[in-house]
Amino acid sequence: MFVLCGLGVAPGRVISAGSISVLSDSSRPNKFFEQFNGTPTKPRLSVFCSEKQLYATLIDDQNKKCLFYGSTLRKSVRDNPACTTIEAAERVGEELVKTCVDLNINEISSYDRNGFARGEKMQAFEIAISRHGFLSR
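Remember, predicted model here, so these are calculated numbers, not experimental data.

Q: Go over helix α4 (residues 120-130) with me, naming the residues and quoting the values.
A: In terms of burial, α4 is largely enclosed, as eight of its 11 residues are buried. Contact partners of the buried residues in α4: β3 (44-49), β4 (54-60), α3 (85-102) and β6 (110-112).

Q: How would you summarise the environment of Asp 112 if you had to cite specific residues and measurements?
A: Inspection of the secondary structure puts Asp 112 in strand β6. Relative accessible area serves as the criterion here: at 24%, Asp 112 is assigned to the partly exposed category. Between the C-alpha atom of Asp 112 and that of Thr 57, which follows or precedes it by 55 residues, the distance is 9.9 Å. The residues touching Asp 112, leaving out its near neighbours within four places in the chain, are Leu 45, Ser 46 and Val 47.

Q: Can you tell me about the side chain of Thr 39, naming the residues and giving the values?
A: Examined against the element boundaries, Thr 39 turns out to sit in the loop between α1 (27-35) and β3. Setting aside its immediate chain neighbours within four residues, Thr 39 contacts Asp 60 and Gln 62.

Q: Requested: an account of the pairing of β4, with residues and values cited.
A: Of all the seven residues making up β4, six are buried; the element is thus mostly covered by neighbouring parts of the structure. Note that β3 and β4 share six bridges and pair antiparallel. Looking at β4, one finds that Val 47 is bridged to Ala 56. Pairing between β4 and strand β5 (residues 65-71): six bridges, direction antiparallel. Its bridge partner being in β5, Leu 58 is matched across the sheet by Phe 68. The loop that links β4 with its antiparallel partner β5 comprises four residues; one of these, Lys 64, has a positive phi angle of about 55°.

Q: Now, about the environment of Ser 109: what can you tell me, with residues and values included?
A: In this fold, Ser 109 is placed in the loop between α3 and β6. On the basis of relative accessible area, Ser 109 is assigned to the partly exposed category, the value being 30%. Distance from Ser 109 to Lys 42, taken between C-alpha atoms, is 5.3 Å for residues 67 residues apart in sequence. In this structure Ser 109 touches Asn 37, Gly 38, Lys 42, Pro 43 and Arg 44, once residues within four positions along its chain are discounted.

What counts, and at which threshold
- Residues numbered from 1 in each chain as written.
- Predicted model: local features only at pLDDT ≥ 70, side-chain atom pairs only at ≥ 80, totals over all residues.
- Heavy atoms only, no water.
- Buried < 20%, exposed > 50% of the residue type's maximum accessible area, 1.4 Å probe, protein only.
- Helix = DSSP H or I, 4+ residues; strand = E, 2+ residues; numbered from the N terminus.
- Contact = heavy atoms within 4.5 Å.
- Pairing = 2+ DSSP bridges.

This is how it looks when you write it as structure tokens:
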């Protein structure tokens, strides 16, 4: 698939196997959700890791609901006893597992790290959820 810019082809046109097709802006998000679609029994897990914090969301795309949201900023995660951000990321993973057990969820449809590398916080979170069998190690 080739995208030609500045060579006489209008932006948004994709040349593929000798034909030109137009990808509209409204069709791009739909293609994403066709690939990664969460259901109530098999939701999608999205994790965002900033420089200091970690945020995890369990999403049911069919009903457009957030089944779980956890971050290392929550007081319930940070306190009792006080901990570092890496330990808090592990606790977020443990809370996610508890929520999944309560909701009778045994697997996730896709795991989205949003392109972030596996740093210490991300690894601590992944270890906590892989103990439950969400991630194959």
